[in-house]
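Structure at a glance
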Amino acid sequence: SSRRTPDCDDDDNNNQTKDQLTGVGIDAATKAIDRAASLLNQMEVIYHDVVTTPSPPSTTTTTSSSSSQANHRDTPEETKFLTTIQPTTSTFNSILTAYSNVAGVYNCLAAVGAADDILERMETRCQAYAVATDEVEFGVGGGGDSASISSSSVSSSSFSGEPNLESYRVVLAAWNQFSSPKARRRVKELTMRMEDLVEKE
């Protein structure tokens, strides 16, 4: 589940600070971004549910309302549609950029943390779906218990929210505005990941 970005408390007047160009206060800015981040999370949940819920047999007809609710993907067409509700890298990057901008304008460490959490979530989902796809393709974990993955969903689609150089650059730039030990550590870690990504390209 998504969480609201905590108010920044770098100084007593921080919550009243406004961007000189837009006149938008930090509370209004973070509220808008938090809403967008919440919608992003809902997209992730929908896609994850489709990928990890086994598809019902094509000959099965749902008759009861209770079973219909439990098995909400009754047709291949619906499954195909739901797999399109997948946030892409550009979707994630838009949220990362927004949080990073708030961090810079308002000197808001909490916004950097929110962006960092989303970046780590991107990495985690990519790794998880990659493992699931390998298990389906190579038959790992026989007996049908390979994380309850739907082979038709995983083998025909891949998670398109993998972080790219821009994802890391945005979050790194946000952390680079702070001098705490954690900020310095994250700058170093993100720099290394960017270098690794460049080498792979």
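Residue indices begin from 1 for each chain and proceed along its sequence in written order. Restriction of local features to residues with pLDDT of at least 70 applies here, the model being predicted, together with a cutoff of 80 or more for giving and counting side-chain atom pairs; totals for whole chains, interfaces and linings are based on all residues. Only hydrogens and water are set aside when side-chain values are computed; all heavy atoms of the structure are taken into account.

**Notes on the overall build of the chain**
Here a strand is any run of E in DSSP of at least two residues, a helix any run of H or I of at least four, and the numbering for each starts at the N terminus. Scanning the chain for helices and strands turns up 8 helices and 0 strands. Mapped in sequence order, the helices and strands of the chain form the string α-α-α-α-α-α-α-α. Sorting the 201 residues of the chain into buried and exposed places 37% on the buried side. We call two residues in contact when some of their heavy atoms are within 4.5 Å. In the chain, once contacts between residues fewer than 6 apart in sequence are set aside, the share between residues at least 24 apart is 72%. Approximately 11,500 Å² of the chain is accessible, and the part contributed by carbon and sulfur atoms is 53%. Burial classes follow relative accessibility: with a 1.4 Å probe on protein chains only, a residue under 20% of its type's maximum area counts as buried, one over 50% as exposed, and anything between as partly exposed. Surface exposure here means Shrake-Rupley accessible area, sampled with a 1.4 Å probe, where a residue is shielded only by the protein chains that are shown.

**Comments concerning the packing of helix H7 (residues 165–175) against helix H8 (residues 181–200)**
Where helices are involved, their axes are fitted lines through C-alpha atoms of the stretch in contact, as for all axes, and angles between N-to-C directions lie from 0 to 180°. Interaxial distance between H7 and H8 falls to 9 Å at its minimum, and their mutual angle equals 160°. Between H7 and H8, the angle is such that the two are roughly antiparallel. Like other packed secondary-structure pairs, H7 and H8 cross with a definite hand, here left-handed. Along its contact with H7, which presents Leu165, Tyr168, Arg169, Val171, Leu172 and Trp175, the element H8 presents Lys182, Ala183, Arg186, Val187, Leu190, Thr191, Arg193, Met194, Leu197 and Val198. A breakdown of the residues in the contact of H7 with H8 according to their chemical character gives 11 nonpolar, 1 polar and 4 charged. Note on angle classes: values under 35 degrees are labelled roughly parallel, values over 145 roughly antiparallel, values of 65 to 115 roughly perpendicular, and the remainder oblique. Two helices crossing with the near one rotated counterclockwise from the far one by less than a right angle form a left-handed crossing, whereas a clockwise rotation gives a right-handed crossing. Note on residue classes: Ala, Val, Leu, Ile, Met, Phe, Trp, Tyr, Cys and Pro are nonpolar, Asp, Glu, Lys and Arg are charged, and everything else, Gly too, is polar.

**Some points on the nonpolar core**
To form a nonpolar core, buried Ala, Val, Leu, Ile, Met, Phe, Trp, Tyr and Cys residues must be joined to one another through side-chain atoms within 4.5 Å. In terms of nonpolar packing, the biggest core is built from 37 residues, with Tyr99 and Val102 touching the most fellow members. Contributions of two or more residues to this core are made by helix H1 (26–52), helix H4 (89–106), helix H5 (109–138), H7 and H8. Counting residues per element, this core draws most heavily on H5, which supplies 9 residues. Leave out the neighbours within four places in its chain, and Val102 touches Ile26, Ala29, Thr30, Ile33, Asn107, Cys108 and Ala111.

**Some words on H4**
Spanning 18 residues, H4 covers 26 Å between terminal C-alpha atoms, matching the ideal 26 Å at 1.5 Å per step. Among the residues of H4, Thr89, Phe92, Asn93, Ile95, Leu96, Tyr99, Ser100, Val102, Ala103 and Tyr106 are the ones counted as buried. Positive phi appears at Asn107, one or two residues downstream of H4, with a value of about 55°. Here, expected helix span is obtained from the residue count minus one, scaled by 1.5 Å.

**Brief notes about the pattern of salt bridges**
For this analysis, a salt bridge means a side-chain nitrogen from Lys or Arg found within 4 Å of a carboxyl oxygen belonging to Asp or Glu. Under the definition given, this model contains 8 salt bridges. In this structure, Arg121 and Glu44 form a salt bridge, with 2.5 Å as the shortest nitrogen-oxygen distance. Of the two residues, Arg121 is situated in helix H5 and Glu44 in helix H1; the sequence distance between them amounts to 77 residues. Overall, Glu44 belongs to the buried group, its relative accessible area being 0%. Arg186 serves as the salt-bridge partner of Glu120, at 3.8 Å between the closest nitrogen and oxygen. A residue pair is termed long-range when its members are at least 10 positions apart, and Glu120 in helix H5 and Arg186 in helix H8 qualify at 66 residues. A residue is classified by how much of its surface remains accessible, and Arg186, at 3% relative accessible area, is buried. Here the salt bridges do not stand alone but share partners, grouping Asp116, Glu120, Arg185, Arg186 and Glu189 into one network.

**Digging into the confidence of the model for the chain**
The predictor's confidence in any single residue is recorded as pLDDT, a number from 0 to 100. The share of residues in the chain with pLDDT of 70 or more is 64%, and the mean pLDDT across the chain is 75. Within the chain, the element-level pLDDT minimum falls on helix H6 (residues 151–156), averaging 39, and the maximum on H7, averaging 97. With pLDDT under 50 throughout, residues 57–71 is counted as low confidence; its partners more than four residues away or in other chains account for 5 contacts.

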